[in-house]
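Summary of structural features
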Amino acid sequence: MEYIKNRFYQKASKCVSEYQRIKNEHGDKVIANVTIGQVMTGMKGVPSLITDTSKLDPTTGIRFRGYTIPELREKLPRLSPDGEPLPEGLFYLMLIGEIPERDDVLNISKDLATRAHVPQHVFDVIDAIPKNSRPMTQFSAAILSMATDSIFQKAYRAGVHKKYYWDTTYEDVMNLIARLPRIAAYIYRRQFFNDEHIEPDPRLDWAGNLAHMMGHDSEEVKRLLRLYMVIHADHEGGNVSAHTTHLVGSALSNPYYAYAAGMLGLAGPLHGYANQEVINWIFAMLQELDTENPTEEQIIAYTKRTLDEGRVIPGYGHAVLRQTDPRFTAQQEFAKKYVKDDKLINIVNTLHRVVPPILEATGKVKNPWPNVDAYSGSLLYYYGVQEHSFYTVLFGVSRALGVLASLVMDRLYGLPIERPSSYPLKWYHEKAGEQGPSGC
Ligand code: NMX
Ligand code: MLT
């Protein structure tokens, strides 16, 4: 779909001139002071990245190019009036900065369908990995193995001028996004359905096709996955998966390498793996209590015990948010509308009532409220996607939309290699006006 690429270029080129102008005219303006506390708590709140696709507000949550999740659910094109927006539309919005027309979105769906062929060697790589390996291991290895197809890398080696890097990056990004549903579904069917694979249906939309290839062909699952793919797509630039993709991409590594690196960050339990941990933790609780219907008192006691054991309560807390995550709320509303009564979802709702005051009482957790991962697993489980060790892969497929749209922007801006400074602990002692103990 050449016109979408052209539209992106027309729109984004203006921002490139702005980037150059601000860099040249205001490069020496001070925008923040950095405290030792910020350095020692993961650089929270230090402005250091340029990301246009979305911005996170601590209290109101994520906005994609200015639009909240409820606004996206209202404004982005969908297939049927009572359906959820198509993630292809969100990709357009993140890339171009405007709400697309329905035809634009359908054209992206078609474009992705024509790019969706996965080379045989990628399946061979997946098949060579032991079946009991984590799905995220298989997913990231598959992505890496596709780097053989990187158009960016070929162009770079052929000596293309740097002002055209964005063009081949765009092509890699579109090919990569197009292929992810097939790869994810292949891993799913390999691991849990005895290698009985399902061919893609090019008439389907991107998320609908993913549900189809996973073997969950109902309209309900397709609707859920469309919502899922929209709400997980981006969370500004500083989260681990987005930042890693940007950082690795800043070395001009090809988009396959950059995104695979981001996925390895997403696989960590404090980030995207938390969606599995939530379900693991609830099931461990049910097993220990030997019940499917724990009382509120039992849940409170189990939560406190987890904290006493020096573990985190998965699905709660956030590095930036200081309120209930609107992605949690969107899923809760979805469940209210479509799910009548479900034991697991009831437990998740009870947790929402009882966990925040317990975390608050610790006096150290900055955000006691639930994040996106507190709800996502229970909904998937309700709709029959019960293989929870796979859930982070779904998060990863969605996250491609945001981090890869940003990578195209990075290359169009011509952002330089990222290289912050590090200092030994002794230097911080000195900055604090202290003499550190010898050896530190
Ligand atoms: N349960 C128990 N302790 C927690 C929790 C929690 N859910 N959240 C924060 N804390 C602790 C944290 O471990 C730290 O303890 P210590 O001082 O002993 O090291 C203290 O509270 C202060 O941490 P914060 O500044 O509130 O949180 P931070 O920004 O460091 O971490 C998370 C943010 C999201 C990593 C943290 O809240 C967490 O571990 N949550 C559980 C895992 C989770 O749900 N991750 C998913 C995040 C969303 N995503 O999809 O990526
Ligand atoms: C995310 O979606 O990336 C997570 O909420 C983590 C974050 O924003 O730091």
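Residues numbered from 1 in each chain as written. Chains lettered and ligands numbered in written order. Predicted model: local features only at pLDDT ≥ 70, side-chain atom pairs only at ≥ 80, totals over all residues. Heavy atoms only, no water.

**Looking at helix α1 (residues 2-26)**
Here α1 contains 25 residues, and its C-alpha end-to-end distance of 35 Å stays within 8% of the 36 Å for a straight helix at 1.5 Å per residue. The largest bend in α1 amounts to roughly 30° and is located at A12. On its buried face, α1 is in contact with α4 (87-96), α5 (102-114), α9 (165-192) and α19 (391-413). (Helix = DSSP H or I, 4+ residues; strand = E, 2+ residues; numbered from the N terminus. Expected span 1.5 Å × (residues − 1). Bend = angle between axes of the 7 residues up to and from the residue. Contact = heavy atoms within 4.5 Å.)

**Side note on a nonpolar patch on the surface**
Together, V34, I36, V39, M40 and L425 line one region of the surface with nonpolar side chains, adding up to about 410 Å² of accessible area. For the nonpolar patch, the leading source of residues is helix α2 (residues 36-40), giving 3 residues. (Patch = residues over 30% accessible without salt bridge, like charges linked within 9 Å, V, L, I, M, F, W, Y side chains within 5 Å. Areas by Shrake-Rupley, 256 points an atom, 1.4 Å probe, with all protein chains shown as cover. Salt bridge = Lys/Arg side-chain N within 4 Å of Asp/Glu carboxyl O.)

**Considering the site of ligand 1**
In the region of ligand 1, 21 residues are neighbours, and H271, G315, Y316, K364 and D373 sit closest. Residue K44 places a side-chain N or O atom 3.0 Å away from an oxygen atom belonging to ligand 1. Note that a nitrogen atom of ligand 1 is positioned 2.9 Å from one of the backbone N or O atoms of I313. About the coverage of ligand 1: the protein hides 75% of its 890 Å² of free accessible area. Of the residues belonging to the shell around ligand 1, the class tally is 12 nonpolar, 5 polar and 4 charged. (Near = heavy atom within 4 Å. Polar contact = N/O pair within 3.5 Å; in protein donor to acceptor, adjacent residues only side chain to side chain. Nonpolar A, V, L, I, M, F, W, Y, C, P; charged D, E, K, R; others polar.)

**Observations concerning the site of ligand 2**
The immediate surroundings of ligand 2 are formed by H235, N239, H271, H318, R327, F395 and R399. Between ligand 2 and R327 there is a distance of 2.7 Å, counted from an oxygen atom to a side-chain nitrogen or oxygen. Between R399 and ligand 2, the recorded distance is 2.7 Å, taken from a side-chain N or O atom to an oxygen atom. Protein coverage of the free-state accessible area of ligand 2, which is 260 Å², stands at 85%. When grouped by side-chain class, the residues that make up the shell around ligand 2 number 1 nonpolar, 4 polar and 2 charged.

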